[in-house]
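# Structural features, examined
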Amino acid sequence: MPSSVMPMINPTDGRPPAAAISATGLRKSYGDKTVLDGIDLHVPAGSIFALLGPNGAGKTTAVKILSTLITADGGQVRVGGHDLTAEAQAVRAAIGVTGQFSAVDGLITGEENMLLMADLHHLSRQEGRRVTAELLQRFDLTEAAKKPASTYSGGMKRRLDIAMTLVGAPRIIFLDEPTTGLDPRSRHTMWGIIRELVTGGVTVFLTTQYLEEADQLADRIAVLHDGKIAAEGTAEELKRLVPGGHVRLRFTDPAAYRAAAAALTGAAHDDEALALQLPSDGSQRALRSVLDRLDSTGVEADELTVHTPDLDDVFFALTAAAPVPAQPKESAR
Ligand SMILES: Nc1ncnc2c1ncn2[C@@H]1O[C@H](COP(=O)(O)OP(=O)(O)OP(=O)(O)O)[C@@H](O)[C@H]1O
Ligand SMILES: [Mg+2]
């Protein structure tokens, strides 16, 4: 495994790695405003976890608590195997944080920013220079290294930000909106960097406004809304939560189309396109049932497509102004 960071393997018994981050009943209020209303989070080591939520949902608040920058009002949290309150120092040693707003000092060069971080991590002069050169190279900043950081583009600053976070070789990294404001190419570069980190055994906890980003990167996604986790799961699991998924079957032979239409009750007919559309959650079981019904009539579709709602559908459904009902679908429109 190519790695400059240690994977989180429990050295004592070699069992699968424990949770890198686990929080139960996490609470935080500002005055009478409840920002986090008892949330649970569980992030396995070596995975990417995305916390998704609209502006003001409490994403940054959660990151700040988990990274010991502010204290929670309640809840139990372990990060990197350490209790957040009792062993804050050990937690700090295990993590790196790239805040929502840049920590880069524009008045000094990129290289000087890096060396400053190396000093903060008590690296020797020689080691500091080595790590700095290696990271600047890795983040394609070698050429710009000697220029004041204020002259960097947004994407370069963001890369420098993350490079600075990596100086201490953290096992767990918090990235608060790592790609906000970046153009599509820089965003893809950043995704590559994040994936590479995880390949090296690092755990990444990121927040994002971009559903596509969570979809692309995250092993698990939690949607934060109204102080609670409105939904949690893989991108695919979340997409199945909202209605709108369907299976579409297209035929070229009108006779086959008619036979299938007769067999598949409940399907919407598109006579012009010779297509049938059936509501479906896109699961294996649902697909099999459709295919079995087709098989039993002895016809074959020429094309089968599964449409699952995308994360946008999920996000808007879960973070709509009205609270999500505990028992959905009762007053489905
Ligand atoms: N120090 C503070 N004092 C008072 N209220 C605060 C403080 N920090 C955050 N808040 C409030 O807590 C809520 C959550 O803020 P937070 O920054 O965590 O949201 P966010 O999800 O990161 O939003 P964004 O997407 O805009 O970054 C907001 O209503 C904010 O105004
Ligand atoms: Mg924020």
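Details of the structure are given in the entry above.
Remember, predicted model here, so these are calculated numbers, not experimental data.

### Here we look at the overall build of the protein
Along its length, the protein carries eleven helices and 14 strands. Its C-alpha atoms give the protein principal-axis dimensions of roughly 80 × 45 × 45 Å. By element, 52% of the accessible surface of the protein is carried by carbon and sulfur atoms, the whole surface being about 17,500 Å². In the protein, 33 side chains carry a positive charge and 42 a negative one; their mean positions are 4 Å apart.

### A look at the site of ligand 1
In the neighbourhood of ligand 1, 14 residues make up the surrounding shell, with Gly-56, Lys-59, Thr-60, Thr-61 and Gln-209 lying closest. One of the backbone nitrogen or oxygen atoms of Gly-56 is found 2.8 Å away from an oxygen atom of ligand 1. A distance of 2.7 Å separates an oxygen atom of ligand 1 from a polar atom in the side chain of Lys-59. Taking 630 Å² as the accessible area of ligand 1 by itself, protein coverage stands at 62%. With three residues, the top contributor of residues to the shell around ligand 1 is helix H1 (residues 59-66). Among the residues forming the shell around ligand 1, the class breakdown is four nonpolar, seven polar and three charged.

### A short note on the packing of aromatic side chains
For any two aromatic rings, the description comes down to two numbers: the centre-to-centre distance and the angle of the planes. All told, the structure shown has three aromatic pairs when counted by the stated rule. Ring centres of Phe-174 and Phe-205 lie 5.4 Å apart, and the angle between their planes is 50°; on these two criteria the pair is classed as tilted. Pair noted here: Phe-174 is in strand E7 (residues 172-176) and Phe-205 is in strand E8 (residues 203-208), with a separation of 31 residues, a long-range link. Accessibility classification places Phe-174 together with Phe-205 in one group, the buried group. The interplanar angle of 55° and the centroid separation of 6.2 Å between the aromatic rings of Phe-251 and Tyr-257 together place this pair among those described as tilted. Per residue, the accessibility class of Phe-251 equals that of Tyr-257, and both read buried. Three or more aromatic residues joined by ring pairs form one cluster here, namely Phe-49, Phe-174 and Phe-205. Over the ring of Tyr-210 we find Arg-187; its NZ or CZ atom is 3.9 Å from the centre of that ring.

### A word on the coordination of the magnesium ion (ligand 2)
Six octahedral donors at a metal ideally form angles of 90 or 180 degrees, and four tetrahedral donors ideally form angles of 109.5 degrees. Surrounding the magnesium ion (ligand 2) are the protein donor atoms Thr-60 (OG1) and Gln-100 (OE1), at 1.9 to 2.1 Å. Highlighted residues: Thr-60 in helix H1 and Gln-100 in the loop between strand E6 (95-98) and helix H3 (110-120), separated in sequence by 40 residues. In this structure Gln-100 comes out as partly exposed when scored by relative accessible area, which is 26%.

### Re the sheet that holds strand E12 (residues 268-270)
A sheet is described by the order of its strands in space; here four strands give the open sequence E12-E13-E11-E14, paired in antiparallel fashion. Lying at the two open borders of the sheet, with one neighbouring strand each, are E12 and strand E14 (303-307). In this sheet, adjacent strand axes meet at a mean angle of 20° when their direction is disregarded. Judged from the three bridges that link them, E12 and strand E13 (residues 275-279) form a sheet pairing that is antiparallel. Within the sheet, the bridge partner assigned to Asp-270 lies in E13 and is Ala-275. Taken strand by strand, helix H9 (residues 254-263) contacts E12 and E13, and its axis lies near 20° from that of E13.

### Considering the sheet that holds E8
One open sheet holds the six strands; their spatial order is E6-E7-E8-E3-E9-E10, and the pairing between them is mixed. Unpaired on one side and paired on the other, E6 and strand E10 (228-233) mark the two borders of the sheet. Neighbour-to-neighbour, the strand axes of the sheet open up by a mean angle of 15°, direction not taken into account. Bridge count for strand E3 (residues 48-52) against E8 is five bridges, and the pairing is parallel. Directly across from Phe-49, in E8, lies its bridge partner Phe-205. Contacting E3, E6, E7, E8 and strand E9 (220-225), H1 crosses the sheet at an angle of about 155° to E8. Along the sheet face, helix H5 (residues 154-166) touches E6 and E7 and points at about 165° away from the line of E6.

Rules used throughout
- Residues numbered from 1 in each chain as written.
- Chains lettered and ligands numbered in written order.
- Predicted model: local features only at pLDDT ≥ 70, side-chain atom pairs only at ≥ 80, totals over all residues.
- Heavy atoms only, no water.
- Helix = DSSP H or I, 4+ residues; strand = E, 2+ residues; numbered from the N terminus.
- Areas by Shrake-Rupley, 256 points an atom, 1.4 Å probe, with all protein chains shown as cover.
- Lys, Arg positive; Asp, Glu negative; His and termini not counted.
- Charge placed at Lys NZ, Arg CZ, Asp CG, Glu CD.
- Near = heavy atom within 4 Å.
- Polar contact = N/O pair within 3.5 Å; in protein donor to acceptor, adjacent residues only side chain to side chain.
- Nonpolar A, V, L, I, M, F, W, Y, C, P; charged D, E, K, R; others polar.
- Phe/Tyr/Trp six-rings, centres within 6.5 Å; stacked < 30°, edge-to-face > 60°.
- Buried < 20%, exposed > 50% of the residue type's maximum accessible area, 1.4 Å probe, protein only.
- Lys NZ or Arg CZ within 6 Å of the ring centre and 35° of its normal.
- Donors = N, O, S within 2.8 Å, 3.2 Å for Na, K, Ca; no water.
- Pairing = 2+ DSSP bridges.
- Axes fitted to C-alpha atoms, helices over the stretch in contact; angles between N-to-C directions.
- Contact = heavy atoms within 4.5 Å.

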